[in-house]
Amino acid sequence: MSITIALPSKGRLREQALEVFAKAGLPVEEPADQRRYRARIGGRDDIEVAFLSASEIASELGQGNVDCGVTGEDLVRETLADWDAKVEIAAPLGFGHADVVVAVPDIWLDVATMADLDDVAAEFRQRHGRRLRIATKYWRMTQQFFSQMHGIQVYRIVESLGATEGAPAAGSADVIVDITTTGSTLRANHLRILDDGVILKSQACLVAAKRERPAADAALLAEVCRRVREAVA
Ligand SMILES: Nc1ncnc2c1ncn2[C@@H]1O[C@H](COP(=O)(O)OP(=O)(O)OP(=O)(O)O)[C@@H](O)[C@H]1O
Ligand SMILES: O=P(O)(O)OC[C@H]1O[C@H](OP(=O)(O)OP(=O)(O)O)[C@H](O)[C@@H]1O
């Protein structure tokens, strides 16, 4: 019996995930070379650790290729269609806080809410000869928030894989959906979050794959989840 835990391969998410696992009595024996992407938990030959990128962790969990992992809730909701049928959030970990938000140019003085943005979107084609463009890498969450929650149907998503906040000034989009932590990138790009424009308050979570597994592995996974939960309580 054995289970695989996926941890972020770089940055603060990696460091803080390792701290939580150590505190949970599951110390990861870090490889001498950080570019080695496999590790073990000290004293345990039944748990394997795989270091992956945060977004890859979400997709590997969704496919059931790893048993549990640490990644941002934003990435779970964005990467996986029907995410809660495939994975379970076993524990919010209290770090990696980031809000997924709708932000508009500061100079749109009369646009404070999603309802205002709906009005803008409805008139946009008449005024500008094209649909309102939203720059984002969160197209799934954007569609859910705009279309399903706010009934806004007339817009176009412009996929952005980086420097999303620069898109309105560059003229490639009108508004954005992106993550923010301190707000400084939004401010630097003269963007403002709508009053009801917070789509998700995300943080790093321990996420478990929902899939059939031998009883011993299920018990082991439950133990890991319990220990991590206790460590962050
Ligand atoms: N200020 C922040 N900026 C970016 N990500 C943050 C921030 N705070 C928390 N996070 C979390 O980290 C995640 C991004 O991590 P990372 O950049 O390692 O992911 P990745 O997209 O898998 O990596 P890569 O960009 O190398 O493909 C975010 O989706 C979010 O959950
Ligand atoms: O509100 P702030 O504190 O300014 O943080 C927000 C910024 O941080 C992230 O970028 P980062 O360069 O960290 O990662 P990314 O390349 O994955 O977008 C995010 O995409 C924002 O651009």
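As the structure is a computational prediction, the values presented were derived from the model and not from experiment.

(A) Region of the structure containing the site of ligand 1. Around ligand 1 sit 14 residues, and of these Lys 10, Ala 54, Ser 55, Asp 74 and Thr 181 come closest. Between an oxygen atom of ligand 1 and a side-chain N or O atom of Ser 53, the distance comes to 3.4 Å. Measuring from an oxygen atom of ligand 1, one finds a backbone N or O atom of Ala 54 at 3.1 Å. In isolation ligand 1 has 620 Å² of accessible area, and contact with the protein removes 61% of it. When residues are assigned to domains, the shell around ligand 1 turns out to be shared by domain 1 (3-97 + 203-232) and domain 2 (98-202), each giving three or more.

(B) Examining the sheet that holds strand 6 (residues 87-92) more closely. Strands sit in the order 2-3-4-1-5-12-6 across an open sheet of seven strands; the sheet is mixed. Every other strand in the sheet has two partners, leaving strand 2 (28-29) and strand 6 as the edge strands with one partner each. Looking at chain direction, strand 5 (residues 68-72) and strand 12 (residues 204-209) are connected through five bridges and run antiparallel. By the bridge assignment for strand 12, Cys 68 is matched with Ala 208. Contacts from helix 1 (residues 11-23) reach strand 1 (3-8), strand 2, strand 4 (47-52), strand 5 and strand 12, with the element oriented near 135° to strand 1. Against the sheet, helix 9 (residues 215-232) engages strand 1, strand 4, strand 5, strand 6 and strand 12, with an angle of about 35° to strand 1.

(C) Broad picture of the domain arrangement of the chain. Taken as a whole, the chain is organised into domain 1 (3-97 + 203-232) and domain 2 (98-202). Using only C-alpha atoms to locate each centre, domain 1 and domain 2 end up separated by 31 Å. Contacts between the two partners involve 11 residues from domain 1 and, on the opposite side, 12 residues from domain 2. When the two sides are added together, the surface that domain 1 and domain 2 hide from each other amounts to roughly 890 Å², 47% of it contributed by carbon and sulfur. Summed over the three residues of domain 1 that lose the most area to domain 2, namely Asp 74, Glu 78 and His 97, the buried surface amounts to 62% of that side. On the surface where domain 1 and domain 2 come into contact, there are nine residue pairs in polar contact (both at pLDDT 80 or more). The greatest single-element share of the side of domain 1 that touches domain 2, amounting to five residues, is contributed by helix 3 (residues 73-79). Residues of the side of domain 1 that touches domain 2, tallied by class, amount to two nonpolar, five polar and four charged.

What counts as what
- Residues numbered from 1 in each chain as written.
- Chains lettered and ligands numbered in written order.
- Predicted model: local features only at pLDDT ≥ 70, side-chain atom pairs only at ≥ 80, totals over all residues.
- Heavy atoms only, no water.
- Near = heavy atom within 4 Å.
- Polar contact = N/O pair within 3.5 Å; in protein donor to acceptor, adjacent residues only side chain to side chain.
- Areas by Shrake-Rupley, 256 points an atom, 1.4 Å probe, with all protein chains shown as cover.
- Domains from an automatic or database assignment.
- Pairing = 2+ DSSP bridges.
- Helix = DSSP H or I, 4+ residues; strand = E, 2+ residues; numbered from the N terminus.
- Contact = heavy atoms within 4.5 Å.
- Axes fitted to C-alpha atoms, helices over the stretch in contact; angles between N-to-C directions.
- Buried area = accessible area lost by both parts, 1.4 Å probe.
- Nonpolar A, V, L, I, M, F, W, Y, C, P; charged D, E, K, R; others polar.

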